[in-house]
Structures are given as C-alpha cells and as structure tokens.
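Structural overview
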Amino acid sequence: MSAHDSPDPSKAVLWDTHYHGHDVISTRSFGYFLYLLSDGMLFATLFAAYGVLSYSHSYFNGQTPADFVHPWYTFTQTVALFLSVLAYGMGMSAVKKGNKAGLMNGLIAAFVLGVIFLGLDIHDMMDLAAHGVTVQTSGGASAFIVLTQVHAAHIFFGLLWILVMMAQVAAKGFTTDTVGRLLSLRMFWHLQAIIWVFVFVFVYLWGYMS
Amino acid sequence: MLVQVPGGWNPLLGRLAIDQIPYTNPILAPLFVAVVIGAVIILGLITYYHKWGYLWKEWLTTVDHKKLGVMYIILGLVMLFRGFIDGLMIRTQQVWANGPQSSGVFGAVHGYLTPFHFGQVYSAHGLIMILLAATPLLVGFMNIIVPLQVGARDMAYPYLNALGLWITAAAVALIMISLFVGDFAHNGWFGYAPIFELQYSPGVGVDYWIWTLELTALGTTLGGINLIATIVKMRAPGMTWFRLPIFTWASLSANIIALTSFPALQVALFLVACDRYLGSHFFTAGFGGNLMLYTNLFWIWGHPEVYFVILPAFGMMSEIFPAFSEKPLFGYITMVAASFAIAGVSWLVWLHHFFTMGAGPDVNSFFSVATMLVGIPTGVKVFNWAFTMYRGRITYTAAMLWAIGALFLLLVGGLTGMMLAIPAINYMVHNSVFVIAHFHSMLLVIVYAIFGSVLFWFPKVFGFKLDEFWAKTMFWLFSAGSVLVFVPMYMLGFMGQTRRLDYVFNTAWHPYLVTEEIGIAVYCLSVAAFFVLLYVSIRDRVKNRVGQDAWGTSRSLEWLTHSPVPFYNFAVTPHVNARDELAWRRHNGINEAQPTQYVDIHMPNNTGVAIYIGALTFVLGFALTWRMWWLCLLSLVAIIALMIVRSWRGDPGYIITAAELEKMEREAMQRQQQVEGHLPHHGGQAVPGGAMAYEGQKVSPLGTPPSSGGDHH
C-alpha cells in the first residue's frame, strides 16, 4: 500500500514553493528528439515500401536501379551532405565559446553544401526523367523516386530553417530560444545525414548491384 | 508529371464545379438547409450576446491545456453524434433493403440509400468513430488530466497543444464539408487497393479521405509528442516513476504507440496520394505495384492505433474502480507492466486483420500466437480490476456503472477476439458481421470508459457534478441498446452475413435485423437521456457544486487543487510523498493543508497563430482535394510564413505575482468553504487505503483553515 513507502506525514514537505520547474532547452530538445523518432518511423515505412517494390517484376520490365544509378555521382552528393553536417557541427562548437561569427561561418558553409547536395539531386532526377524513368514508369521506380525525394524535401526544409536561424542569430544573438533551436536543427541535420547513409547504401548501391 | 483527371478541371477552381454540390439529393439538401439554419442561429446568438470577444480570448486563442481538452472533448462528442447518425442510417438501410420484395425510394432500388451513398456512409462511420470521435475524446481527457496528475502548470508545449487541436478540428471540418461539397470515399474507412485508385474511384471522395486522415494523423502525432514530454519532463518534485498515477502511465504507453505508428499511416496515405495525383504505381494492379503492400502498411499503423485508443480507456477504468471501491488499485506494478506489454505486442499483430491474404501457415501461426499473447496482459488488467473491487466499499455511482459495464464488454469483446485470433476460425468468419460485432464490443469499452470519465472528472473541470439519476438512466438505455444491436449481430455473423451490405438478400435474417433496429431506437433514447442529463445538471449546478475532492474518495493529484481548476492549476507546486498522494494526505488528515507562501509564477500567453495555422491546414486539405494548385501553394507558404513569424516573436509569457495569486486562492478557498457547508468534510477520516464515501455522511466543519499548515507541519 502506498502509505508504507511514504515519509512521516508530520514532517513531510507538502508544497515546493521554490520549485523552478524544468529546463527550457532540455525540454524542447527532448520534444524535438521525439519528433525525430517519428520522422525516423516515416523513413522506415518508406524503406519497407521500397523493399517490397524492389523485385525485378516491380520494375515492370523497365529500367532498374542497375541501369540508371551512377554510384560515383551519388557519392559526391554524400560527400557534400557529410561536409555540410561537419560544417554545422563546427559552427555549433563556436556557440560554446559565444562566437557568433564562427557560428555564422559554419551555417553558411552548411547551407552552401546543402544547396550543392540538393542541386545534384534535382539534376539527377531531371536526368532520370529525360531517360524515361519517372514515378509513372513502374512500381519500383515510384518507390525509388518517392523515397529519395522525401529525403530531398527534408533537406529543402532544413535549408530553409538554416536561413531562418542565420537571420534570428544575426538579429537576436544567442538567447534561450535561438540556442535551443540551433540544437534542434543540429539534431535534424544529423538525422538527415544518417538517413542518407541508408538511402545511399540500400537504395542506390544495393539497387545498383542487384 | 500530374495525372490527367477525368471530368472538368480549371486553373482557378480545380475540379470544383456547381454539379459537385449535391443540391438534388433528397437527404443531403434538407440536411444542408438545417445545418445552415442551425449555424445562423448559433452565430446570431453569439453576436446578440456579444460573446465573440469572450470566445476569441478565452477559447479560440487559448493555450490552457484544460480548455483545449474541453474543446477536444466537445469536438469528439459532436463527431460521436455524427458517427452515431451514420450508424443509424446503415442499420435502417439494412433492415429496409431486406429481400427482393423490399421497396426503394430516393432513387435506390431497395431501401433509401443508393449503393454509392451507402458506401460513403459506412466509410464515414468507421473513420469518424475511430479517428474523429474516440481519438479526440481520449486526447482531450489526457490533455486535461495528465498535467494535473503529474502536478504541472501546463503541458510541456502549450502552443503545440493548441496547434494539435486546431489541426484535428481542420480534419473534422474537411470530413464534414465533404457532405455538401463533392462526396466522400465509398470504399471503407481503411480503403482497399486498387479500388481507391483514380481509375476506379474517379471522384474526390477518396481525396477527402486521404487528407482528412493525414490531418488527423498530424494532429495526433503532435499531441503524442506533447504528452510524452509532459510526463517525462514536467513531473512535480517527488513524483517518481512509480508514484505516477495509473492513467498517466496508460497515457504514456498509448502516446508512445501514437508517436511510432502514426507516421506509418501518414506514409501509407501519402503513397495513395502519389498514386492518385502523380500517377505512381505503389498500389496499382499493374506496372509492378503491390496491392497487399497497402493493406500491410495501413494495418501496421491500424493495429497499434487500436491499442492507442484502448489503453487510455483502461487507464480511465483504473482510476474509477479504486475511487468507488475505496481501495488502492490492486497490482499497480503489474498494471503498468501490462500496459507496456500491450503496447509492445501491438506492433506484432497487424496481419491478423487479413489472415486470408494467404501468407501461409508459418506467417499466420506467428501472428495468431502473437495475437493470443495480447490476452495475457489484458487478463492481468481484468483480474486487477476485479481484485480492486473485491472486499472494497463499492459505491454504485453512474461513473462506476459505466466502468463495470466496460469490464463486461471487455470480456465479450476479448473472448471473441481470441476466437478470431485462430486462423481456422478467422477464415470462416472473415469479413462477416461477427468481426464487426467483435470490434464494436471493444470500441464500446472505450465509449463506456469515456462516459464514465465524463461523469468522474466533470466536477473537476466544471466544479459541479452531473445528475446521477439521468446518468444512470442513460447508462441502462445505452447498455440495453448495445445488447440489442450487437448480440443479433454476432448471430448474423455466424449465419454468414458479410459486412457492408447495402442490400441484404436473405429474408430469414429479418427478425435479427429488426432487433438491431430496435436497439438503435433504444440508443436514440440514451442520446436523448444524455441531453436531458446535461440540461438537468446545468440547471441544478448550484446545488451540485463540489469542493476540491469531488467524490471524497479520489486518490491522485488532480483532486488536490480547486474545482473548477484555476488556470494556473496549482498555486504552489505540490511535493509528492506517496503513490496515491491525495489518499495519503487524507489518510493522515492533511488533505486540507494549504501552502503558506506564494511566489510569482510564469504563464504562457494566448496566441491566435495556432487557429490560423489550423484554418490554413483545412484550406490546404480542401485545395489538395479539389486540385486547386495555386491555393495549395498559397496556403502552404502561408503556414510556413506564420511558423517563421511565431518563432521570430517567441513568447515571453507573463507573470502572476504572489499577491494576485494569494488573492485568487483566498477567493477560491471562500467558495470552497461555502460548498463544503453542504458536503461532508472528509479530512482526518482514518480509513486505511481510502476514506468515506461521499453519500450519506454527516457534515463536519473544516478541520484546517485555509492558508495554514503546509510545509510547517
């Protein structure tokens, strides 16, 4: 029964007058981490769909990734995205020293590298379309394109967010709000790179080899 | 890139044209007139009484978790009513359109609904009841109760909470507008591949279905994040994990399910949208698509979703039984373990929705055994509730009746579920109304728990009790209706009636169908009793006012603050010393102790951004449904712009000073004292594990005066 593990009621503290509650940044980061878990589930479901739709009959006798994937081209995308995450991380280490210019340089580098990634992706998609591979071609092509482009959409919104954060830090400096958001954005940007590892390995490379 | 749609399309209005408005439909046109008249009357009354400012300031822009919860519950009750009307229409069609001799009106050969219209009604019934009635009702209760039970001032993210509500409201608005503009999906609430593909369902019904589901999934995911973070991060000092009230545990397990499963639904529906809008081939019958991929993806969400709605209901029952048995909950730890066991197993059972897919004996055996495993933790819960009542001092309040009713239904639904878990039986009754009767038994467990909770927590939120006589009348009418509708349905299932029949060929089933229709009539009476209940209770509200601990036997932290709960929840954060904190304080005679010192508290500001974004998500859903591309782009850009503006401005919040707080607390105490004059005082009654029941007790004066005691005990 509950009373057994409880303190002596005559001495118990009943109210915490000076309880300061939770730490704002840690609470927000935790919530954002939970959101990222749901984002991970979203990709997991897309990978499952891709797995089901990556048999040879899924391509309906059309082109398969073995025909249209260029591993070295996609590798440059990979390098651009990883360098972007690295630049972001270096920018964040400047935050610890309160170095605004250091953060800005990191964000700008991360943004430019992210744009390169996205540009390469869009070029790749247009190239595929020119060779007759669109979502309308086959179930396999649908799964390939939708999975990679959902990832690209995440990158697009991440780039938008980087721009917003550059403006906010420029205008307001390091406040609880801006630093908390920079941390959330960092988690987001890292997760997209981690997802990209799976996209690159299981969609591009595995598709190319099979 | 985009698919050529059948029928007209123009750049401005997309597919929307005047012939999409069903103004010639003999059912919808009068309904539309009635809705317009009703809306004009309501809006007129608000204007006449100058309530727009109040509505806007106190409700539409609020970030207060209790008000948001109340709005969730109102939304859920309205949709429960709409879903009930759909059910009534389905039952009436089946009893009418029975046998080749049956008459037909309104353009139907048999009955009064054409097959296409009937299909829309049953799709809407299923979707509404699960996602727009049960889910908002439960999310509403979690919203109100969880922060109070963990001793917090609000949810972890008050603004996100408002956003979740308004996005859910947008989903409701979208499905409601499908009544009068265009049509709704006719292919079942969970859809089927490939009938929802554009070539087989060329109308906008499926598109409405997609975007309604996407919006509600988004709203629920946001709500889930908020509730988990609230439980993990916002607990009052002393509220260790194993002092957490059981409803909060149930909410935590349910929201972990929501957070992990709703993305799967979003993806499944997004892929359907890709098929219909971009012409991809995920679920097409040709071009390398895979029909069963959809069914799997949907039920990978769908089954966890079932437990997402049942676990909070179990939590509610776990609060009601101890309060009215005057005993602590039996087997607290096992109850927690059982909730998480159910949440875990929920991920391993989805295939039992389609054993007939033909996956082979090994796969079917796995899912069959996994499904039966669910019976173990559920059985633990049933026995825990039974042992909670065993040798308890049971008070048969209306709330307790609903909880006990839920227990009986759980047995019926659970045991038929065990039958369905056996593939050999499942092959026989697959897609029959036996399955329908089974899952209605289970979902009625939720409805019973919800009505029990409405009665149980109503005094906490509004400060007065609901009328016991009418609540019990409603309970018995509702239970009679449930028996009359669903017992014949189980029988018909065994006789071979399949689900979703707009025409029932076998006249030998007529007596059963008539019995079900009588049951529906009894249900109508219980709905009427509910309205009388609300009317009588609000009329007699002064007489039925209650103090902090409305039932006198409640156990957890939400009963430690005033009723109705002030907007700041607790003037001073309580320090938790025991698992059932209030019961412990009452047991030791210190439940009336008040804090001696107040300090400034910080509260979030109201914001209109959440409702604007909600409205814009509705516009986005509507524009996507009708393929008005310019409006899609516009609303999407507006949503992002609003988010950026909100993030730029931030919310500094505001301060309630200690002096203001003390004044408000004193007034609340005075109100409480007036109320307690009519009610028993239950402090210091040393009944082990509980206190006196609230009925028939002698009135005694207040033991501890306000603003004394506290940390100086």
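Residues numbered from 1 in each chain as written. Chains lettered and ligands numbered in written order. Predicted model: local features only at pLDDT ≥ 70, side-chain atom pairs only at ≥ 80, totals over all residues. Heavy atoms only, no water.

Points about the overall build of chain B
To be explicit about the condition: The numbering of helices and of strands both runs from the N terminus, where a helix is a DSSP run of H or I of at least 4 residues and a strand a run of E of at least 2. In this setup the radius of gyration rests on C-alpha atoms only. A globule is expected at 2.2 Å times the number of residues raised to 0.38. Whether a residue is buried, partly exposed or exposed follows from its accessible area with a 1.4 Å probe, protein chains only, as a fraction of its type maximum: under 20%, in between, or over 50%, in that order. By definition in these notes, contact holds between two residues if any of their heavy atoms fall within 4.5 Å. Values of accessible area rely on a 1.4 Å probe in the Shrake-Rupley scheme; residue burial ignores everything except the protein chains shown. Asp and Glu are treated as the negative residues and Lys and Arg as the positive ones, with His and the ends of the chain left uncounted. The atoms used to mark charge sites are NZ of Lys, CZ of Arg, CG of Asp and CD of Glu.
When helices and strands are tallied, chain B shows 20 helices and two strands. At 26 Å, chain B has a C-alpha radius of gyration in line with the 27 Å of a compact globule built from 713 residues. Along the first, second and third principal axes, the C-alpha set of chain B runs to 75 × 55 × 50 Å. Per-residue burial for chain B yields a buried fraction of 62% across its 713 residues. Partitioning the contacts of chain B with sequence separation of at least 6, the portion at a separation of at least 24 is 82%. Looking at chain B as shown, the accessible area adds up to about 26300 Å², and 72% of this sits on carbon and sulfur atoms. Distance between charge centres in chain B, computed from 36 positive and 34 negative side chains, equals 5 Å.

Things to note about the interface of chain A and chain B
Our working definition: By convention, the term buried area covers the 1.4 Å-probe accessible surface removed from two parts as they join, with the contributions of both added. In this count, Pro and Cys sit with the nonpolar residues alongside Ala, Val, Leu, Ile, Met, Phe, Trp and Tyr, while Asp, Glu, Lys and Arg are called charged and the others, Gly among them, polar.
Each side of the interface is counted separately: chain A has 55 residues, and chain B has 65 residues. Both faces combined, the contact of chain A with chain B buries some 5000 Å², and carbon together with sulfur accounts for 70% of it. The three residues of chain A that bury the most area against chain B are Leu14(A), Trp15(A) and Thr17(A), which together make up 16% of that side's buried surface. In terms of residues, the side of chain A that touches chain B owes the most to one element, helix H1 (residues 24-52) of chain A, which gives 15 residues. Class assignment of the residues belonging to the side of chain A that touches chain B gives a composition of 29 nonpolar, 19 polar and seven charged.

A closer look at the packing of aromatic side chains
Residues and elements named next belong to chain B. We count it as follows: Side-chain rings of Phe, Tyr and Trp (the six-membered ring for Trp) are treated as a pair once their centres are within 6.5 Å; stacked means planes under 30 degrees apart, edge-to-face means over 60, and tilted covers the remaining angles.
Counted according to the given criterion, the structure contains 77 aromatic pairs over all chains. Summarising the aromatic geometry, the rings of Phe 262 and Phe 308 are spaced 5.9 Å apart at their centres and angled 85° between planes, so their arrangement reads as edge-to-face. Residue Phe 262 is located in helix H7 (residues 246-278), and its partner Phe 308 is located in helix H8 (residues 291-325); the two are separated by 46 residues in the primary sequence. Measuring from ring centre to ring centre gives 4.8 Å for Phe 475 and Trp 476, while their planes differ by 75°; the resulting arrangement is edge-to-face. Note on Phe 475: relative accessible area 5%, which makes it buried. On the accessibility criterion, Trp 476 (53% relative accessible area) is exposed.

Some words on H7(B)
Helical geometry: 3.6 residues make up each α-helical turn, so side chains three or four residues apart lie on a common side. All names here are of chain B. Using the following cut-off: Given the number of residues in a helix, its expected span is that number minus one, multiplied by 1.5 Å. The angle between axes fitted to the seven residues ending at a residue and the seven residues starting there is what we call the bend at that residue.
An ideal rise of 1.5 Å per residue puts 48 Å on 33 residues; H7 measures up with 47 Å between its terminal C-alpha atoms. Ser 261 marks the point of greatest bend in H7, at about 30°, and the proline Pro 263 comes within the next four residues. Counting buried residues in H7 gives 31 out of 33 residues, a clear majority hidden from the surface. Directly after H7, the chain includes Gly 279, whose backbone phi takes a positive value near 75°.

Quick notes on the pattern of salt bridges
Stated formally: Here, a salt bridge means any side-chain nitrogen of Lys or Arg that lies within 4 Å of a carboxyl oxygen of Asp or Glu.
For the coordinates displayed, the defined rule picks out 17 salt bridges over all chains. For Arg539(B), the salt bridge identified is with Asp540(B), shortest N-O distance 3.1 Å. Taking relative accessible area as the criterion, Arg539(B) reaches 49% and is therefore assigned partly exposed. For the salt bridge of Arg666(B) with Glu662(B), the shortest nitrogen-to-oxygen distance reads 3.1 Å. Of this pair, Arg666(B) and Glu662(B) both sit in helix H20 (residues 658-676), four residues apart, which is roughly one turn of the helix. Connected through salt bridges with shared partners, the residues Arg28(A), Asp177(A) and Arg181(A) form a single ionic network.

Some details on the side chain of Ser138(A)
The residue Ser138(A) is located in the loop between helix H4 (100-130) and helix H5 (139-172) in this model. Contact partners of Ser138(A), with chain neighbours within four places excluded, come to Ser58(A), Tyr59(A), Phe60(A), His281(B) and Phe287(B).

Description of the confidence of the model for chain B
Residues shown with low pLDDT carry predicted positions that ought not to be read at fine detail. Which entries qualify depends on this criterion: pLDDT measures how confident the predictor is about each residue, on a scale from 0 to 100.
Taken as a whole, chain B shows an average pLDDT of 90; of its residues, 95% reach a score of 70 or greater. Low confidence marks residues 678-713 of chain B, where pLDDT is under 50. Its contacts with residues over four positions away, or in another chain, come to 87 contacts.

Description of the packing of helix H3 (residues 65-96) of chain B against helix H16 (residues 510-539) of chain B
Residues and elements named next belong to chain B. Definition in use: Axis definition: a line fitted to C-alpha atoms, limited for helices to the stretch in contact. Angles are taken between N-to-C directions and run from 0 to 180 degrees. Any angle that falls under 35 degrees is termed roughly parallel, while one over 145 is termed roughly antiparallel, one within 65 to 115 roughly perpendicular, and all others oblique. By convention the crossing between two helices is left-handed if the near helix lies anticlockwise of the far one by an angle smaller than a right angle, and right-handed if it lies clockwise.
For the pair H3 and H16, interaxial distance at closest approach is 9 Å and the crossing angle is 155°. One way to sum up the angle between H3 and H16 is to call them roughly antiparallel. Note that H3 runs across H16; the crossing there is left-handed. Across the interface between the two elements, Leu 77, Phe 81, Phe 84, Leu 88, Arg 91, Thr 92, Gln 94 and Val 95 of H3 pack against His 510, Leu 513, Val 514, Glu 516, Glu 517, Ile 520, Tyr 523, Cys 524, Val 527, Phe 530 and Phe 531 of H16. Considering only residue class, the contact of H3 with H16 consists of 13 nonpolar, three polar and three charged.

Examining the environment of Ala110(A)
All names here are of chain A. Within the secondary structure layout, Ala 110 lies in helix H4. With a relative accessible area of 0%, Ala 110 lands in the buried category. Apart from residues no more than four positions distant in its own chain, Ala 110 is found in contact with Ser 84, Ala 87, Tyr 88, Ile 162 and Trp 189.

Digging into a nonpolar patch on the surface
Residue and element names in this part refer to chain A. Heads up, the rule is: Patch rule: a residue counts if its relative accessible area is over 30% and it has no salt bridge; like charges are joined within 9 Å, and nonpolar side chains (Val, Leu, Ile, Met, Phe, Trp, Tyr) within 5 Å.
Together, Phe 82, Ile 194, Val 197, Phe 198, Val 201, Phe 202 and Trp 206 give the surface a local cluster of nonpolar side chains, amounting to about 630 Å² of exposed area. In terms of residues, the nonpolar patch owes the most to one element, helix H6 (residues 176-209), which gives six residues. When its relative accessible area of 35% is taken as the criterion, Val 201 is described as partly exposed.

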